[in-house]
Amino acid sequence: QVQLVESGGGLVQPGGSLRLSCAASGSIFNIYTMGWYRQAPGKQRELVATITGGGSTNYADSVKGRFVISRDNAKNTEYLQMNSLKPEDTAVYYCNAVIRRAYNTNSAQYWGQGTQVTVSS
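Please read these numbers as outputs of a predicted model, since none were measured by experiment.

Conventions and cut-offs
Residues numbered from 1 in each chain as written. Predicted model: local features only at pLDDT ≥ 70, side-chain atom pairs only at ≥ 80, totals over all residues. Heavy atoms only, no water. Pairing = 2+ DSSP bridges. Helix = DSSP H or I, 4+ residues; strand = E, 2+ residues; numbered from the N terminus. Axes fitted to C-alpha atoms, helices over the stretch in contact; angles between N-to-C directions. Salt bridge = Lys/Arg side-chain N within 4 Å of Asp/Glu carboxyl O. Buried < 20%, exposed > 50% of the residue type's maximum accessible area, 1.4 Å probe, protein only. Core = buried A, V, L, I, M, F, W, Y, C linked by side-chain atoms within 4.5 Å. Contact = heavy atoms within 4.5 Å.

Undergrad: Please provide a residue-by-residue account of the sheet that holds strand 8 (residues 77-82), values included.
TA: The strand order across the open sheet built from 4 strands is 1-3-8-7, with neighbouring strands paired in antiparallel fashion. Only two strands of the sheet have a single partner each, and these edge strands are strand 1 (2-7) and strand 7 (67-72). Strand-to-strand twist across the sheet, computed as the mean angle between neighbouring axes with direction ignored, equals 15 degrees. Pairing between strand 3 (residues 18-26) and strand 8: 6 bridges, direction antiparallel. The residue of strand 8 that forms the bridge with Arg-19 is Gln-81.

This is the structure we're talking about:
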């Protein structure tokens, strides 16, 4: 089995910062693209940022210049540093990873359980 466990969410004031972490564990042969998504109440889940195994990154326009995605391949962990947070960043944040469990299996997409981020004064 493979699990993605997120941590680091919480309540922060506008303009503040938070750092989310997502650790993958279990039977893992290789992790390809990792990413963060978010879902606000009444809205569809949307892409926040992705990072490939080689370190190439992609961001939603709404977070460019404020959020930074990174990963530690030795720890099977990805991070999302969120700066200059705005009330509209309030959402449940989900981590995502494309993982191959063994050399002779296909890769599959896995999701974390979600962590709440609330930006409010």
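Undergrad: So what's going on with unusual backbone geometry? Which residues, and what values?
TA: Unlike most non-glycine residues, Asn-76 shows phi in positive territory, near 50 degrees. Summarising the element assignment, Asn-76 is placed in the loop between strand 7 and strand 8.

Undergrad: Tell me about the pattern of salt bridges, and name the residues and values.
TA: Opposite charge on two side chains permits them to pair, given that their charged atoms come into close proximity. Inspection of the entire model under this criterion finds 4 salt bridges. Between Arg-38 and Asp-89 there is a salt bridge, and its shortest N-O distance comes to 3.0 Å. Within this pair, whereas Arg-38 is found in strand 4 (residues 30-39), its partner Asp-89 is found in the loop between strand 8 and strand 9 (91-100), the two being separated by 51 residues in sequence. Across this residue pair, the class does not change: Arg-38 and Asp-89 are buried. A salt bridge links Asp-61 to Lys-64; the shortest N-O distance between them is 3.1 Å. For Lys-64, a relative accessible area of 48% gives the class partly exposed. One connected set of salt bridges, linked through shared partners, spans Arg-38, Glu-46, Arg-66 and Asp-89.

Undergrad: Which residues make up the nonpolar core, and what values go with them?
TA: The nonpolar side chains of a soluble globular protein tend to be buried, and buried together. Core analysis: the biggest nonpolar cluster contains 30 residues, and Trp-36, Leu-80, Met-82 and Tyr-93 have the highest contact counts within it. Broken down by secondary-structure element, the contributors of at least two residues to this core are strand 1, strand 3, strand 4, strand 5 (46-51), strand 7, strand 8, strand 9 and strand 11 (115-119). Per element, the largest residue contribution to this core is 5 residues, and it comes from strand 9. Not counting the four nearest positions on each side in its chain, Tyr-93 is found in contact with Glu-6, Leu-20, Trp-36, Tyr-37, Arg-38, Val-48, Phe-67, Leu-80, Met-82, Gly-114, Thr-115 and Val-117.

So far we have only geometry, and geometry alone does not tell us how the molecule works.
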